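Observations on the model geometry
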Amino acid sequence: MIKNLVSTYLKGIAMGAADVVPGVSGGTIAFITGIYTLLLESIRRITPSLFSLWRRKGFKAVWQHINGTFLCVLLAGILSSIAGLAKGISWMLANHPIPLWSFFFGLIIASALHIAKQLPAPKITLRTVLAALIGIGFAYWITVANPLQLTASPLTVFLSGAIAICAMILPGISGSFILLLLGMYSPILDAVHQGQWDMLGLLALGAIVGLLSFSHLLSWLLERFYAVTLAFLTGLMLGTLGKIWPWKHTLTWRTNSSGEQVPLMQDNLLPGAYEAIVGHPAQVGLAVIAMITGFVLVLLLERFSPKQD
């Protein structure tokens, strides 16, 4: 029992670390660690029918029905990771971006291969190929889309929370990046910094509604169209590789909640062009080592994690 709790907590830490990086999703980590199906099913069980179950069998039955211990321990790992690793990863993004992006680049490639291997035979069909191509196109479109400039009204804050949380449980898509595209990233960070609890409450309400709704849809898709859904998810992950390409030239900047200038729109470059245009070493050797490390980490997680149901 204790071993399972510790394992779940560590997986939550890994999910939280991934969610801190724009362009990388905690859903990716959930899938490769073998808890994606359990996580979706646990969230899907949170419905109004729980009140009836509570009246008939009590709180313990409700807790067991939604896998409450699993969800709480996982959430504790995610939150503690975000709180403990956010500064470190932000520092890496600012000071050593090439090895960090390279690590996640290798991790995403191995993760996409991992998901593709879950496809039932025959793995390559017209439907799965089309689904993968749609996933690649959709993810690529998201990564190159120009950010919107939405006004932080109650409706846009609510919808932003609903959309961003859906992205966070999809392998390959970052919820924070979705907020950035919607033009709501800075307003939300400012709300956190200034303690605007009314806006944060609306965001949380939208996230709850979006999470409960989308988990039902995703569970239904995996149950009815398992191969096509997995192919689409594989495409999503492959389509985001451009976002986490290590060698980038920043075209435009934005100001974060701390008043610092951080990249907004970036152009991908080959290592040689990066050195010529940006004027910094490409660190190709270090990048290759970091990519291999990320790739091998997924293989180790795949080997020692339970299979997806």
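Residues numbered from 1 in each chain as written. Predicted model: local features only at pLDDT ≥ 70, side-chain atom pairs only at ≥ 80, totals over all residues. Heavy atoms only, no water.

Observations concerning the overall build of the protein
Summing up its helical and strand segments, the protein has 15 helices and 2 strands in all. Counting all 309 residues of the protein, 44% fall into the buried class. Pairs at least 24 residues apart make up 75% of the contacts formed inside the protein by residues separated by at least 6 positions. Surface accessibility of the protein: about 16,000 Å² in total, with carbon and sulfur atoms responsible for 71%. (Helix = DSSP H or I, 4+ residues; strand = E, 2+ residues; numbered from the N terminus. Buried < 20%, exposed > 50% of the residue type's maximum accessible area, 1.4 Å probe, protein only. Contact = heavy atoms within 4.5 Å. Areas by Shrake-Rupley, 256 points an atom, 1.4 Å probe, with all protein chains shown as cover.)

A few points about the confidence of the model for the protein
Of the residues in the protein, 89% reach a pLDDT of 70 or more, and the chain-wide mean stands at 82. Strand β2 (residues 261–268) is the least confidently modelled element of the protein, averaging 71 in pLDDT, while helix α5 (residues 59–65) averages 91, the highest of any element. (pLDDT = per-residue confidence, 0-100.)

Concerning the side chain of Thr234
Inspection of the secondary structure puts Thr234 in helix α13 (residues 226–239). The contacts of Thr234, once residues within four sequence positions are left out, are Ala112, Ile115 and Ala116.

Regarding a nonpolar patch on the surface
Taken together, the side chains of Ile124, Leu126, Val129, Leu130 and Leu133 present a nonpolar region at the surface, about 530 Å² in accessible area. Here Leu133 is to be found in helix α8 (residues 126–144). On the basis of relative accessible area, Leu133 is assigned to the exposed category, the value being 52%. (Patch = residues over 30% accessible without salt bridge, like charges linked within 9 Å, V, L, I, M, F, W, Y side chains within 5 Å. Salt bridge = Lys/Arg side-chain N within 4 Å of Asp/Glu carboxyl O.)

A short note on unusual backbone geometry
Cis rather than trans, the peptide bond between Ala121 and Pro122 has omega equal to -5°. You can see Pro122 is positioned in the loop between α7 (97–117) and α8. With phi around 55°, Asn67 is a residue other than glycine that occupies positive phi space. In this structure, Gln283 takes a positive phi of about 50° despite not being glycine. Secondary-structure assignment places Gln283 in the loop between α14 (271–278) and α15 (284–304).

Some points on the packing of helix α9 (residues 154–168) against helix α12 (residues 197–224)
Axis separation between α9 and α12 bottoms out at 7 Å; the angle between their running directions is 45°. Relative to α12, the element α9 is oriented oblique. For the pair α9 and α12, the sense of crossing is right-handed. Here α9 contributes Pro154, Val157, Phe158, Ser160, Gly161, Ala162, Ile165 and Cys166 to the contact with α12, which in turn contributes Met199, Leu202, Leu203, Leu205, Gly206, Ala207, Val209, Gly210, Leu211 and Phe214. (Axes fitted to C-alpha atoms, helices over the stretch in contact; angles between N-to-C directions. Parallel < 35°, antiparallel > 145°, perpendicular 65-115°, else oblique. Left-handed = near helix turned anticlockwise from the far one by under 90°.)

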